[in-house]
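# An overview of the molecular structure
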Amino acid sequence: MPIAGRKKHSSKLPVLLVAPALVLLALFTFAPAGYAVYLSLMKLHVTGGLLGTSSTQAFAGLSNYASTFSDPEFWHSLSRMLLIAVIGVPSTVILATTFALCMDANAARLTTVTRLAIFLPYAVPGVIASILWGFLYLPATSPIGGSVINYFGNRAIFFTVANVAVWGVVGFNTVVLYTALRALPRDIRQAAEIDGASEMQIALHVKLPQIAPAIAMISLFSVIGALQLFNEPTALKPLTNAITSTWVPLMRVYSDAFVNNNIYGGAASALTLLVMTVALTVGGGAVTTRLIGRQGK
Amino acid sequence: MTTAVTSQRPPRTVTGEPRPRSRKRRRTNLVATAILIIGGLYCILPALWILIAATKSNAQLFSTPPYTPSLPGAFLSNMSGILTYNHEIFLRWWLNSVIYAVGGGVLSTAIAGAAGYALGKYAFTGSRAIFRIIVAAVLLPQVLLAVPQYLLLAKFGLTNSYESVILPQLVSPFAIYLCKIYAEAAVPDELMEAVRIDGGSEFRIFWSVGSRLMLPVLVTVLLLQFIAIWNNFLLPFVMLNNNSLYPLTLGLYGMLMPTGGQPNQYSLVIGGVFLTIVPLAILFLSLQRFWRIDLISGGVKG
């Protein structure tokens, strides 16, 4: 059973070291996913009798998926989420790239203190950030004109939610891009400096192409994050009627399972979302890899 | 995803090369500096506003201008209000958050470090398959699994407990991935062989060589995991229904909920937000120099 180790060595240690991770992964990632697949194919079969009704689980085929797909509210929640992603993801990526390039620019001042300030929201949980922004938006307490501007209006609400999400993640992404910039070799940039290129030209034509893989990576992560949108709309919900209990897909999963007690439908919705995320990750990952392949010659 | 660790090995001694910087230093890049100041203000002003709002009583919250503090103020009564709310439950929430984030963070870092070291430094039966499984698991977002995790744990009556929040967060496939990549590059085979020749056991190699050399990635993983668990909301939200087990996120959210439209608890919630953000911001800013965020970009790219 023991194959020769990398250095002709047989030991049980590596198996012991990897075992806890594998066991936990099986129990808390793969088993729940498998159980959700099982539940999504079942339904509650209620049988009525003289002594009252009793219910058993029965095979339901794909009917839970069918009712998820035929429910217009599912598509509405999906389109609301996509709208927020369309606002939030480009904002995050553009802001993070701009901030990182500015921090890396020659002769920019206050870089350390602004970097810390921009990074700070990462330490604020999404729910707390949403409560905080909720008070900034709320007409009665707003210091940013909430009594004049209706931040919870039919259209504004999408920007409102997207803003809270962007505020929470832009700093972390900025620092990821900044470290990517710092790791770049200096020679091309210095050559461009000697040739008299301006700071702006260097940023756009030398640095930006070199960190394209890192930008692709944070874009992909931001899109995946958007698919899991839950905390911000959930925490803003007590403050406004504009957000319903099925406003985004993950909120729908939650209310199916816990409010409507329809765990079978909830499992089907959760898996639909999971498959979409995995497809997007694999597809987006392939694009990212191609981008990196083009870079790293 | 292949493995290229080149960008992370030499820890960015950019300043090491002597460059004639002082000559150019004089001219300030106004555009870049202005953008950074605006960005910094956008990120920090909302947090600072909480300082102002925390000085106001509920009545003042609605009657005084929102951007000036109320100076004799209700700050102290807000603080004692939130601290004594519902039999000091706020302190309990704080303690719970620390238990979840520190306990889960330390354990998950140990698990990821051990697994990453084994996969990075040994070839054994199934090691390639195991690594593939872990890479595949990176694709499954834990947030989407929270409801299925609840449904499964509920079947065994394990919900509504500390374990129900900690156990599902103990394995981070991404952390294992980072540790594996780092171990491959940072723990030299020659050094391991030298200890072996001296008669050191495999465990000793792991404990006194491997884990020491992996310290930078372990610290980074610990901080990432700490923040991820600290910020997590959905998992405790589905798992817990006993408010003495709540973490801060869930507790403060719950304080907004029961009163619904009645704003009578707003000043308490604002006080709670203040007492959540400030200590963590201080901790965070004082620890940020130990972060190696380059490990994340280096680990994923290439």
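Please read these numbers as outputs of a predicted model, since none were measured by experiment.

Check the secondary structure of chain A and you find 12 helices and two strands. Reading the helices (α) and strands (β) of chain A from amino to carboxyl end gives α-β-β-α-α-α-α-α-α-α-α-α-α-α. Relative to a compact globule of 297 residues, whose C-alpha radius of gyration would be 19 Å, chain A shows 25 Å and is clearly more extended. When the backbone C-alpha atoms are referred to their principal axes, chain A occupies close to 90 × 75 × 30 Å. Going through the 297 residues of chain A one by one, you find that 47% of them count as buried. Long-range contacts, defined as pairs at least 24 residues apart, comprise 68% of the intrachain contacts of chain A with a sequence gap of at least 6.

Turning to the overall build of chain B, a few remarks are in order. Scanning chain B from N- to C-terminus turns up 15 helices and zero strands. Across the 302 residues in chain B, those meeting the buried criterion constitute 45%. Pairs at least 24 residues apart make up 77% of the contacts formed inside chain B by residues separated by at least 6 positions.

A few words on the interface of chain B and chain A. Every contact between the two is made by 90 residues of chain B and, on the other side, 92 residues of chain A. Here the element with the most residues in the side of chain B that touches chain A is helix α2 (residues 30-53) of chain B; it accounts for 14 residues. Here the residues of the side of chain B that touches chain A sort into 65 nonpolar, 15 polar and 10 charged.

Attention now moves to helix α9 (residues 212-227) of chain A. Here α9 of chain A spans 23 Å end to end across 16 residues, near enough to the 22 Å set by a 1.5 Å rise per residue. Of the residues making up α9 of chain A, those classed as buried are Pro213, Ala214, Ile215, Ala216, Met217, Ile218, Ser219, Phe221, Ser222, Ala226 and Leu227 of chain A.

Residues and elements named next belong to chain A. As far as domains go, chain A holds domain 1 (13-59) and domain 2 (71-295). Placing the centre of domain 1 and that of domain 2 at their C-alpha centroids yields a distance of 33 Å. Listed per partner, the contact involves six residues of domain 1 and six residues of domain 2. Examining the composition of the side of domain 1 that touches domain 2, we find that four residues originate from one element, helix α1 (residues 13-40), more than from any other. The residue inventory of the side of domain 1 that touches domain 2, partitioned by class, reads four nonpolar, one polar and one charged.

Let us now look at the environment of glycine 266 of chain A. Inspection of the secondary structure puts glycine 266 of chain A in helix α12 (residues 263-295). Placed 16 residues apart in sequence, glycine 266 of chain A and leucine 250 of chain A show a C-alpha to C-alpha distance of 9.4 Å. Beyond its immediate sequence surroundings of up to four residues, glycine 266 of chain A is in contact with Val253, Asp256 and Ala257 of chain A together with Val147 of chain B.

Further remarks concern the confidence of the model for chain A. Averaged over every residue, the pLDDT of chain A is 88; the share at 70 or more is 92%. Confidence over residues 1-8 of chain A falls short of pLDDT 50; this stretch has 18 contacts with residues more than four positions distant or in other chains.

What follows covers the nonpolar core. Within the largest apolar cluster, 181 residues are counted, with the highest numbers of intra-cluster contacts made by Ile131 and Leu177 of chain A together with Ile50, Ala115, Leu178, Cys179 and Val273 of chain B. Sorting elements by how many residues they give to this core places helix α6 (residues 156-182) of chain A first, with 16 residues. Each of domain 1 (13-59) and domain 2 (71-295) of chain A contributes no fewer than three residues to this core. Not counting residues within four places of it along the chain, the set of residues in contact with isoleucine 50 of chain B comprises Leu132 of chain A together with Ile270, Val273, Phe274 and Ile277 of chain B.

Right, let's talk about the environment of alanine 180 of chain A for a bit. With respect to the element layout, alanine 180 of chain A can be found in helix α6. For alanine 180 of chain A, a count of 27 C-beta atoms within 10 Å puts it in the buried group.

On to α2 of chain B. With 24 residues, α2 of chain B should cover 34 Å at 1.5 Å per step; its first-to-last C-alpha distance of 33 Å lies within 8% of that length. At leucine 45 of chain B, α2 of chain B shows its maximal kink, close to 40°; a proline, proline 46 of chain B, follows between one and four residues later. For α2 of chain B, the secondary structure elements touched by its buried residues are α3 (72-104), α4 (111-119), α5 (126-137) and α6 of chain A together with α3 (58-63) and α14 (266-287) of chain B.

This part covers the packing of helix α8 (residues 173-186) of chain B against helix α11 (residues 215-231) of chain B. Residue and element names in this part refer to chain B. Two elements in contact, α8 and α11, have axes separated by 10 Å at closest approach and are oriented at 170°. One element, α8, and the other, α11, form an angle in the roughly antiparallel class. Facing Ala175, Leu178, Cys179 and Tyr182 of α8, the residues of α11 in contact are Val217, Val221 and Gln225. Here the residues of the contact of α8 with α11 are counted per class, giving six nonpolar, one polar and no charged.

Time to look at unusual backbone geometry. In most cases, non-glycine residues show a negative phi, while peptide bonds are predominantly trans. Residues other than glycine seldom take positive phi values, yet leucine 110 of chain A does so here, at roughly 60°. Along the chain, the position of leucine 110 of chain A falls in the loop between α3 and α4. Looking at leucine 110 of chain A, the number of C-beta atoms within 10 Å reads 15, which means it is partly exposed. A positive phi angle, near 55°, is found at histidine 87 of chain B, a position not held by glycine. Tracing the sequence through the fold places histidine 87 of chain B in helix α4 (residues 75-121). By C-beta crowding, histidine 87 of chain B is classed as exposed, having 9 other C-beta atoms within 10 Å.

Thresholds, definitions, all that
Residues numbered from 1 in each chain as written. Chains lettered and ligands numbered in written order. Predicted model: local features only at pLDDT ≥ 70, side-chain atom pairs only at ≥ 80, totals over all residues. Helix = DSSP H or I, 4+ residues; strand = E, 2+ residues; numbered from the N terminus. Rg over C-alpha atoms; globule rule 2.2 N^0.38 Å. Buried ≥ 20, exposed ≤ 12 C-beta atoms within 10 Å, placed from the backbone. Contact = placed C-beta atoms within 7 Å. Nonpolar A, V, L, I, M, F, W, Y, C, P; charged D, E, K, R; others polar. Expected span 1.5 Å × (residues − 1). Domains from an automatic or database assignment. pLDDT = per-residue confidence, 0-100. Core = buried A, V, L, I, M, F, W, Y, C linked by C-beta atoms within 7 Å. Bend = angle between axes of the 7 residues up to and from the residue. Axes fitted to C-alpha atoms, helices over the stretch in contact; angles between N-to-C directions. Parallel < 35°, antiparallel > 145°, perpendicular 65-115°, else oblique.

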